[in-house]
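Survey of secondary and tertiary structure
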Amino acid sequence: MTMGRAFSVGFILLLTALPALADECLNCHRLKTPAAVRQWEESAHAKARVGCADCHGSDHARLDKGEMVVDQKVCGRCHAKALEEHAKSRHGMGLHSGWGCTRNLPGRDQNECRHCHEEGSAKPLTPVQCARFLKQSSEMGDLGCNRCHSVESSCASCHTNHGTSLAIVRDPNVCAACHMGPDHPQWEMWQTSRHGTLFTSAGPALGPTCQRCHMAGGSHNVSAGITMNSGGIPYPAEQERKGREEMVKICTDCHASAFARKELAQGDGIRTQSLTILKEAEQLIQDLADRNMLDPMPEKRPPHPLSGPRLVLDSQMLYEDTSHIERLFFKMKKYDYARTVKGAYHQNAAYTHWYGNAELKMDLIDIKAEANRLRERGNPVAAPAGKTVKPAAAAEEQLRVLKKKAERGELSQTEYEQEKGKVLRELKETAP
Amino acid sequence: MTMGRAFSVGFILLLTALPALADECLNCHRLKTPAAVRQWEESAHAKARVGCADCHGSDHARLDKGEMVVDQKVCGRCHAKALEEHAKSRHGMGLHSGWGCTRNLPGRDQNECRHCHEEGSAKPLTPVQCARFLKQSSEMGDLGCNRCHSVESSCASCHTNHGTSLAIVRDPNVCAACHMGPDHPQWEMWQTSRHGTLFTSAGPALGPTCQRCHMAGGSHNVSAGITMNSGGIPYPAEQERKGREEMVKICTDCHASAFARKELAQGDGIRTQSLTILKEAEQLIQDLADRNMLDPMPEKRPPHPLSGPRLVLDSQMLYEDTSHIERLFFKMKKYDYARTVKGAYHQNAAYTHWYGNAELKMDLIDIKAEANRLRERGNPVAAPAGKTVKPAAAAEEQLRVLKKKAERGELSQTEYEQEKGKVLRELKETAP
Amino acid sequence: MTMGRAFSVGFILLLTALPALADECLNCHRLKTPAAVRQWEESAHAKARVGCADCHGSDHARLDKGEMVVDQKVCGRCHAKALEEHAKSRHGMGLHSGWGCTRNLPGRDQNECRHCHEEGSAKPLTPVQCARFLKQSSEMGDLGCNRCHSVESSCASCHTNHGTSLAIVRDPNVCAACHMGPDHPQWEMWQTSRHGTLFTSAGPALGPTCQRCHMAGGSHNVSAGITMNSGGIPYPAEQERKGREEMVKICTDCHASAFARKELAQGDGIRTQSLTILKEAEQLIQDLADRNMLDPMPEKRPPHPLSGPRLVLDSQMLYEDTSHIERLFFKMKKYDYARTVKGAYHQNAAYTHWYGNAELKMDLIDIKAEANRLRERGNPVAAPAGKTVKPAAAAEEQLRVLKKKAERGELSQTEYEQEKGKVLRELKETAP
């Protein structure tokens, strides 16, 4: 109902402003791209006499060169409110997989600089994205990354190119093409949650869709009701509180408010617990790196596209050209954590527990086992397994590790001095 | 047809016994939980004038405290036959994930003691369940475990709270919310079996649903036709024979009896073969534990909630706080085995072979490789790789392992004596 | 429309040639297999008066023994054009999982010899298939392998036995029963591609099915438009070009030809890149085998059913009775590669990137880590980690590896001589 409001206002303006220019195009395109024409003919655009040139322009030479992209600015000329809401949501910002400085990549649009930089400045506005994209071939970047990460600028990501039927964008399947797979299987977890199974057996009145909770009232701000950033870190208190209230209001269309609050709070609890498990694994790997025990160490492999020859375990971490133990952590962080937490907020027991929590804990076991193997193998300086080492060399290694921990803030200055003192005393006592 | 019989009898009794008390509740709840009210209004309950208070009671103070749970006893007041059938099935017994002695867990209901104990006795009636539950946080236990394992006491697990439409519970999707995921993907394997694909393309007349085979004639005994316990061990002969006859009778609605028997017998064969593969892996791990070669050994990790610091490889085994090789075995036992065997009985080639059999065999390879690594690493008593050991210490270790095998019944007393004799003779011969 | 043409011609011939013999069978089978009879009664066969005996014959004694199989030859008596198209496609040839010399397996049909041999010859015509099948129990071979690999000879694989409704075989779900799972999830990747989500939300006019692209015009040649063999090796240039033109023609029903060509060319690029990643892993394993470092080596395990005690990394490789590193490569080759490449050609970002490319690269990391472990462990001849070796023995080992590489064609004769010279010079210099 309200979903159509923003559009219809646009249509009326459009009918006044633009003549129907379609016939010229259609004569040829009925033969060349018949299905595209059929789709347009059955669309609300055709009924409102919005023709080919209204969106594509009429410069066929530039069209052929692929220069006349129908992006969100074109759609926004009529659908201003939708575009404004879209721009406020995660869909509308921060998903460009080309982030990270891409100015030297072939075919990059220099306008993309504004995603990271103020005009004329080389300093990034926000942490740059995305190291993983920078490692891919242009084919994989296009088909594997930007097929989804184009949602910022392309309304057709959801609305398709010429169909634009509301039946398509109100169906939860429209979300499936991106919101699925190992890293964020929201579609799969919705489909087998009680919400999804009720949709399948009893229809949208009883079984809520993605749209009903995340685009309530037809809003294009899909991030309403979200209380944390994409790494699971809660928003500042006031923003978090506001997000929670927005979501609880949506839940109470069906559920008692107290029930909704409890469910969502359980999700919060599971998120915190899952982050703790992640942290344990991360510190194990960090410690191995401090001791030069990763195989291979970052200096001995192709440099990270953004950070160079350094260990990267944050959101920029790679799944290629790393050590085995880091790749195990990649699975934990990107797959297991996401399934556990998103599964909890989407009320799917199997994703929360089996695909999520159980995998997190099994991967922690694997990481500990690999850490033990690496420690046994030793490193050129510290003691190899079962051998005696000269105490001075061992102490030197311990001091180096302590210093790194202090630099990362894992030890306070006082703790660092205490630990350092202990090592030096032990060295003195064992000296011949 | 027969599905509705048990209910209608109940409704008639109800209409005589209870006045309509709903109006008082509805005035508020139309505002507070509008969808719940809408669902009830369209339900068979509303048509039969079964109102809010009939199920929820009318003590609003206790309702607010969550004390007035609508469990199977409330439903059973009208739906006696369904409850009786339910109680006979696996749905109705033995699925409480809180089993294992939970009396000290916060918020546990002391009435749950009856699941494991005779009144007043501390001795368990049956093997206690479930160690994995006892390791979880209350949030994970609630959302990840009991979301499904509440089916024993909550009819709403399948029927939903206020909808109760038969279209919901006769749709195979109602089963999907629990019977999916890595440990028992019955829904996924049905969906892509010929049974499931025919349901999707040609409807329930041609494509049988979960309900058609496992709730034949509308019975709530979902375990009719089952021939083994949940660990794959066949029931006693007569019970097994009876189960098979029940299932074959259902199959012959579409298939020739000889075909059905052959298909199910192939499932039996695959089950036996799969258990053999599991056994090989289990013995490898048991043997490593005998030789103190697990990393870490059970004594060096948080104790098992039921068995303490001992190796647990049976149905109570954990996926956390174990060694790497045990966690590989957990995947084999809980995931691969289940997919192979349930895939076979549900006629899904890819689950039987690729998701099941191939994974079982690849995991066996991984377990053997890890066992080799652990053996090479050695233990403090036995011979480390490439070193000579004092024969007496080695013999002592061998005798210890033999004794453990005899205690577990893997060696008969005679075999034990023979093996022991051999070790002692060898020791004598190598003595200086 | 055109789909029915081949059939209707057949039906007319049939009606002239065969009397209706069904009544005699139906009297009993209405009681014995009621659903089968119901399905036939609603089928086009019943309407065209094609009765039981027309397909099954009337020799009930042989029927009971299972000797009267309704295979593609029976169907082909009426549906000649469909059979001819089927025979040209991959469905119609080369999928017998029993290939590999099966003459001594229980119950094998000696007529199957013609799949591999010219009449009277023991020399195979084509590389034999399939070693993995030969390792399975008869139950697993039947249910896990031949449930799908019977498509060559059984039209019922897709058309079902008695239903034969066009609604079934024109629904993409009919393909799901085989084209799913870890090794070729075409159904899953179609379902969550934009093609599939549009089918679900807007129907077949907008969302193309498997059939629309792979059985265009109702043809039973499902391999039209394919440009490579099943191992990803492009067909000879002219055949490749022809296949691409066939596919682009299908795409242009909806898409501009230039767009379709670019999409498919991206798939080609991703295929080539993925094969390179596979090759890197394969060479690592081959090199370990040359150095006797696999655990266990092929000679120390059950022999390969076709190649005996030799390393097999080609399409005949096994997932059982191999070393851990080979089993990792099996996953890469059979699962990751297929998902990446088929995902790309089916326009599914998550299969191409996450389920495919990311897994390929993570598995390569795991393979490198295991290779390092195996190299450190050393072998009885070459230098164990951290030990000095007699130069003569080390040189001998290096020469052996070089010879193997030359035999496999990885070194030219000139390169081999150069490398050999280098080793011999080094040996001379280090000699005491």
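As the structure is a computational prediction, the values presented were derived from the model and not from experiment.

The helix and strand tally for chain A stands at 22 helices and zero strands. With 432 residues in all, chain A has 38% of them scored as buried. Partitioning the intrachain contacts of chain A with sequence separation of at least 6 by distance along the chain shows that 60% fall at a separation of at least 24.

Let us now look at the interface of chain A and chain B. In this assembly, 32 residues from chain A lie in contact with 35 residues from chain B. With 14 residues, helix α20 (residues 349–377) of chain A is the largest single contributor of residues to the side of chain A that touches chain B. The residue inventory of the side of chain A that touches chain B, partitioned by class, reads 15 nonpolar, 13 polar and four charged.

Let's shift gears to the relation of the copies chain A and chain C. Relative to chain C, chain A is turned by 120 degrees and slid 0.0 Å along the rotation axis, the superposed coordinates differing by an RMSD of 0.1 Å. Between the two chains, the operation in question is that of a three-fold axis. Residue Arg373(A) of chain A places its C-alpha closer to the rotation axis than any other residue of that unit, at 5.5 Å.

This part is about the interface of chain A and chain C. Listed as interface residues are 35 residues of chain A and, on the opposing side, 32 residues of chain C. Broken down by secondary-structure element, the contributors of at least two residues to the side of chain A that touches chain C are α3 (34–41), α10 (138–149), α12 (166–169), α13 (173–176) and α19 (324–345) of chain A. Broken down by element, the side of chain A that touches chain C gets its largest block of residues, eight residues, from α10(A).

We now examine the packing of α20(A) against helix α10 (residues 138–149) of chain B. Here α20(A) crosses α10(B) at 115 degrees, and the two axes come no closer than 8 Å. By the angle between their axes, α20(A) is roughly perpendicular relative to α10(B). You can see that α20(A) and α10(B) cross each other, and the crossing is left-handed. Across the interface between the two elements, Ala349(A), Thr352(A), His353(A) and Asn357(A) of α20(A) pack against Met140(B), Leu143(B), Gly144(B), Cys145(B), Arg147(B) and Cys148(B) of α10(B).

We now examine the packing of helix α18 (residues 257–290) of chain B against helix α20 (residues 349–377) of chain B. All names here are of chain B. One can describe the packing of α18 onto α20 by two numbers: an axis separation of 10 Å at closest approach and a directional angle of 15 degrees. Between α18 and α20, the angle falls in the class roughly parallel. Between α18 and α20 the crossing geometry is left-handed. Across the interface between the two elements, Ile-270, Ser-274, Ile-277, Glu-280, Ala-281, Leu-284 and Leu-288 from α18 touch Thr-352, Leu-360, Lys-361, Leu-364, Ile-367, Lys-368, Ala-371 and Leu-374 from α20. Grouping the amino acids of the contact of α18 with α20 by side-chain chemistry returns 10 nonpolar, two polar and three charged.

Next up on the list: the environment of Ala265(A). Structurally, the position occupied by Ala265(A) is in helix α18 (residues 257–290). Residues Ala265(A) and Ala177(A), 88 residues apart in the sequence, show an inter-C-alpha distance of 29 Å.

On to unusual backbone geometry, then. With omega at -5 degrees, the peptide bond leading from Asp295(B) into Pro296(B) counts as cis. Look at Asp321(B): it is not a glycine, yet its phi comes out positive at around 55 degrees. Take Asp321(B): it is sitting in the loop between α18 and α19 (324–345). We note that Arg49(C) has phi near 60 degrees; this positive angle belongs to a residue other than glycine. Assignment of secondary structure puts Arg49(C) in the loop between α4 (44–47) and α5 (52–56). Classification of Arg49(C) by C-beta neighbours within 10 Å gives partly exposed; the count is 15.

Moving on, we come to α3(A). In an α-helix there are 3.6 residues to a turn, and that puts residues three or four apart on one side. Every buried residue of α3(A) is accounted for by Val37(A), Gln39(A) and Trp40(A). Viewed along the axis of α3(A), the buried residues span an arc of 160 degrees, placing them on a single side of the element.

The next thing to look at is the confidence of the model for chain A. Residues and elements named next belong to chain A. Considering every residue of chain A, the mean pLDDT works out to 85; 85% of them sit at 70 or more. Scored below 50 in pLDDT, residues 1–21 shows 26 contacts in the model against residues more than four places distant or in partner chains. Within the model, pLDDT remains below 50 along residues 380–387, and this stretch shows 13 contacts once partners closer than five positions in the same chain are excluded. Note on the complex model: pTM 0.87, ipTM 0.85.

Mapping Glu326(C) onto the fold places it in helix α19 (residues 324–345). Its 23 C-beta neighbours within 10 Å are what place Glu326(C) among the buried residues.

Our next topic: the environment of Gln191(A). Counting through the fold element by element, Gln191(A) comes out in helix α14 (residues 186–191). When the C-alpha positions of Gln191(A) and Thr209(A) are compared, they lie 9.3 Å apart, and in sequence the two are 18 residues distant.

Rules of the game
- For every chain, the first residue of its written sequence is number 1, and the numbers climb from 1 along that sequence.
- A letter from A marks each chain and a number from 1 marks each ligand, given out in the order of writing.
- Selection of residues for local features in this predicted model requires a pLDDT of at least 70, selection of side-chain atom pairs for listing and counting requires 80 or more, and totals for whole chains, interfaces and linings are taken over all residues.
- Labels follow the DSSP assignment, with helices taken as runs of H or I lasting at least four residues and strands as runs of E lasting at least two, numbered in each case from the N terminus.
- Any residue whose C-beta has 12 or fewer other C-beta atoms within 10 Å is treated as exposed, any with 20 or more as buried, and any in between as partly exposed, C-beta atoms being built from the backbone.
- Working definition of a contact: two residues with C-beta atoms, positioned from the backbone, lying within 7 Å.
- Gly falls in the polar group here, along with every residue not listed as nonpolar (Ala, Val, Leu, Ile, Met, Phe, Trp, Tyr, Cys, Pro) or charged (Asp, Glu, Lys, Arg).
- Least squares is the method for superposing the copies, and the C-alpha atoms it fits come from residues with pLDDT of at least 70 in both.
- Axes here mean lines fitted to C-alpha atoms, for a helix over just the part in contact, with angles spanning 0 to 180 degrees between N-to-C directions.
- Orientation categories follow fixed angle ranges, with anything under 35 degrees roughly parallel, anything over 145 roughly antiparallel, 65 to 115 roughly perpendicular, and all other angles oblique.
- The sense of a crossing depends on the near helix, which, turned anticlockwise from the far helix by less than a right angle, makes the crossing left-handed and, turned clockwise, makes it right-handed.
- Here, the arc refers to the directions that run from the helix axis to the C-beta atoms.
- For every residue, the predictor assigns a confidence score, pLDDT, that lies between 0 and 100.

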